[in-house]
Amino acid sequence: MIAGLLLAAGAGRRYGRPKALVELDGEPLVRRGVRLLGDGGCTPVHVVLGAGADEVPALPGAVPVRHDRWSEGLGSSLRRGLAALPADVPAAVVVLVDQPLLSPLAVRRVREAYAGEAVVVVATYAGRPGHPILLGRRTWPLLDRYAVGDRGARDLLRERPDLVVEVPCDDVGSPVDVDTPADLLRLRTLTDG
């Protein structure tokens, strides 16, 4: 059992509203992220919510995790989400709500690499680390040091390469993120074409 963890707590300051509520193809990004993790074989799926949490639609198949200290940044949302997972979960696949072109196949690839005794598995695109990222439970205490402010696991990947397995995912999705309404327009062009 590998959990899925969707980080969707931010206010989306550059976007002008919480990105969890932004729609692509008529679907809120938060629901799209839940579906991504579920289709990728993750169970349970938890969603960290903060800004705009009261406006988030029902999330069938997911457990909402309220994070009142979301303004402390991505790192605190990651730590809050991992702490909320059941004690018998050995690992979690983490994705961000603002990357709607990630694919269930990428989620499956990182899960399969974990089955090979990896501790941290990260999807790469053009050789650069991205999401999804799988974090084995033994790394979670390390995040008290690394996941601070708007930093998630990036510093852990850089400082502890001995723990990391990279899995190329260029052929099964894109890590393009949505930070502004203009980004969403470009994304719509990609998905329509």
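Scroll up to find the structure this text is about.
Residues numbered from 1 in each chain as written. Predicted model: local features only at pLDDT ≥ 70, side-chain atom pairs only at ≥ 80, totals over all residues. Heavy atoms only, no water.

Engineer: Would you mind going over unusual backbone geometry with me for this structure?
Structural biologist: Excluding glycine, most residues fall at negative phi; most peptide bonds, likewise, are trans. Put simply, threonine 43 and proline 44 share a cis peptide bond, and its omega is -10 degrees. Relative to the assigned elements, proline 44 resides in the loop between helix H1 (29–39) and strand E4 (45–49). Histidine 131 connects to proline 132 through a cis peptide bond whose omega is 5 degrees. Checked against the element boundaries, proline 132 lands in strand E8 (residues 128–136). Positive phi outside glycine occurs at aspartate 25, with the angle close to 55 degrees. (Helix = DSSP H or I, 4+ residues; strand = E, 2+ residues; numbered from the N terminus.)

Engineer: Before we go on, may I ask you to explain the side chain of glutamate 27 in this structure?
Structural biologist: Here glutamate 27 lies in strand E3 (residues 27–28). If we skip the residues at most four places from it in the chain, glutamate 27 touches Val22, Arg32 and Arg35. (Contact = heavy atoms within 4.5 Å.)

Engineer: Just checking my understanding: could you explain the state of the cysteines for this structure?
Structural biologist: Across all of its chains, the model carries zero disulfides by this definition. Between cysteine 42, a cysteine without a disulfide, and cysteine 169, which holds the nearest cysteine sulfur, the sulfur-to-sulfur distance is 13 Å. Cysteine 42 sits in the buried class, given a relative accessible area of 6%. When its relative accessible area of 0% is taken as the criterion, cysteine 169 is described as buried. (Disulfide = S-S within 2.5 Å. Buried < 20%, exposed > 50% of the residue type's maximum accessible area, 1.4 Å probe, protein only.)

Engineer: It is not clear to me how the pattern of salt bridges should be interpreted in this structure. Could you clarify?
Structural biologist: Think of it this way: side chains of opposite charge can pair up when their charged atoms draw near. As enumerated under the stated definition, the model contains 14 salt bridges in all. The shortest N-O distance in the salt bridge between lysine 19 and aspartate 179 comes to 2.9 Å. Pair noted here: lysine 19 is in the loop between strand E1 (3–8) and strand E2 (23–24) and aspartate 179 is in the loop between strand E9 (164–168) and helix H6 (181–192), with a separation of 160 residues, a long-range link. Each of the two residues, lysine 19 as well as aspartate 179, counts as buried. Across the pair aspartate 155 and arginine 158 runs a salt bridge, and its minimum N-O distance is 2.3 Å. With aspartate 155 and arginine 158 both in helix H5 (residues 154–159) and three residues apart, the pair spans about one turn of that helix. For aspartate 155, a relative accessible area of 14% gives the class buried. (Salt bridge = Lys/Arg side-chain N within 4 Å of Asp/Glu carboxyl O.)

Engineer: Explain the nonpolar core here, please?
Structural biologist: Within soluble globular proteins, side chains that are nonpolar tend to cluster in buried spots. By size, the foremost hydrophobic cluster in this structure holds 42 residues, and its most contacted members are Leu6, Val30 and Val47. If you list the elements that add at least two residues to this core, you get E1, H1, E4, strand E6 (91–96), helix H3 (104–115), strand E7 (120–125) and H6. If one sorts the elements of this core by residue count, H1 sits on top with five residues. Here leucine 6 is in contact with Val30, Gly33, Val34, Leu37, His46, Val47, Val48, Val95, Leu96 and Val97, once residues within four sequence places are set aside. Leu5, Leu85, Tyr146 and Leu163 belong to the second-largest nonpolar core, a separate cluster that totals 27 residues. (Core = buried A, V, L, I, M, F, W, Y, C linked by side-chain atoms within 4.5 Å.)

Note that every value here comes from positions in space, so none of it alone points to a role or purpose.
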